[in-house]
Amino acid sequence: MNREVLNARFLSYQRMYSQDARLLTFEDWPFREGCRCTPEQMSRVGFIHCPSENEPDITRCFFCLLELEGWEPDDDPWQEHNKRSPDCGFLRNPKNLDQLSVRELFLMEKERLKNYIRKVSRAHLARLRDRVDQTRETLQCMLDN
């Protein structure tokens, strides 16, 4: 994922503190009645729906940026989120948005920013490692000839 996409998503995710805003993203969600991973349950635990052409069930936590796909009707959104991102500040917060003090909201937003910076940094580091490996291979080929 490139930096421009991450920047745009990070800024748009500010409004995703609202469960209603998250719920609106599940318009084309493939799992409805009779499932544990309904749009209501998914949005309650911080997920937004961000499908692609090939993957109709991709979700992302607006807060910790965890991405999950391959949902099954019996998957429990809270358990799946907690299993893969146990330190997510959104999951750890027992209050609704309207119950947060300004200080609490500021601290949550600070943590969300840290998550974003961590994700961008890891992506940059991965690209740098790939370039280093390619350069090393090129130099080794030059030395071998």
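We now turn to the structure provided with this report. (Residues numbered from 1 in each chain as written. Predicted model: local features only at pLDDT ≥ 70, side-chain atom pairs only at ≥ 80, totals over all residues. Heavy atoms only, no water.)

### Topic: the overall build of the protein chain
- When helices and strands are counted, the protein chain shows six helices and three strands.
- When the elements of the protein chain are put in sequence order from the N terminus, they spell out α-α-α-β-β-β-α-α-α.
- Against the compact-globule benchmark of 15 Å for 145 residues, the protein chain has a radius of gyration of 19 Å, which places it well outside the compact range.
- With the C-alpha coordinates of the protein chain rotated into their principal frame, the extents come out at 65 × 40 × 25 Å.
- Expressed as a percentage of the 145 residues in the protein chain, the buried residues total 37%.
- Taking the intrachain contacts of the protein chain between residues at least 6 apart in sequence as the baseline, contacts between residues at least 24 apart amount to 50%. (Helix = DSSP H or I, 4+ residues; strand = E, 2+ residues; numbered from the N terminus. Rg over C-alpha atoms; globule rule 2.2 N^0.38 Å. Buried < 20%, exposed > 50% of the residue type's maximum accessible area, 1.4 Å probe, protein only. Contact = heavy atoms within 4.5 Å.)

### Details of helix H6 (residues 102-144)
- With 43 residues, H6 ought to run about 63 Å at 1.5 Å a step, and its terminal C-alpha atoms sit 62 Å apart, in line with that.
- Restricting attention to buried positions, one finds in H6 the residues Met108, Glu109, Arg112, Asn115, Tyr116 and Val120. (Expected span 1.5 Å × (residues − 1).)

### Overview of the pattern of salt bridges
- Counted by the stated rule, this structure contains seven salt bridges.
- A salt bridge links Arg60 to Glu67, with the nearest nitrogen and oxygen atoms 2.7 Å apart.
- Given a relative accessible area of 34%, Glu67 falls into the partly exposed group.
- A salt bridge links Asp133 to Arg136; the shortest N-O distance between them is 3.2 Å. With Asp133 and Arg136 both in helix H6 and three residues apart, this pair spans about one turn of that helix.
- Overall, the relative accessible area of 52% leaves Arg136 in the exposed class. (Salt bridge = Lys/Arg side-chain N within 4 Å of Asp/Glu carboxyl O.)

### Quick word on the environment of Phe90
- Locating Phe90 in the fold gives a position in helix H5 (residues 89-92).
- Counting along the chain gives 13 residues from Phe90 to Arg103, while the straight-line C-alpha distance between them is 15 Å.
- The residues contacting Phe90, other than those within four sequence positions of it, are Arg22, Arg44, Val45, Gly46, Phe62, Phe63 and Met108.

### A word on the side chain of Asp75
- Tracing the backbone through its elements, the reader meets Asp75 in the loop between strand S3 (67-68) and helix H4 (77-84).
- One buried charged residue, Asp75, remains without a salt bridge, the closest side chain of opposite sign being Lys83 at 7.2 Å.
- Among the polar contacts listed, one links the side chain of Asp75 to the backbone nitrogen of Glu72, at a separation of 2.7 Å.
- Excluding its chain neighbours within four sequence positions, the residues that come into contact with Asp75 are Arg36, Cys37, Gly70 and Glu80. (Lys, Arg positive; Asp, Glu negative; His and termini not counted. Polar contact = N/O pair within 3.5 Å; in protein donor to acceptor, adjacent residues only side chain to side chain.)

### Remarks on the sheet that holds S3
- Reading across from one edge, S1-S2-S3 is the order of the three strands in this open sheet, with antiparallel pairing throughout. Looking along the sheet, the strands with just one partner apiece sit at the ends: strand S1 (47-49) and S3.
- Across three bridges, S1 lies against strand S2 (residues 59-61) in antiparallel orientation. Opposite Ile48, over in S2, you have Arg60 as the bridge partner. (Pairing = 2+ DSSP bridges.)

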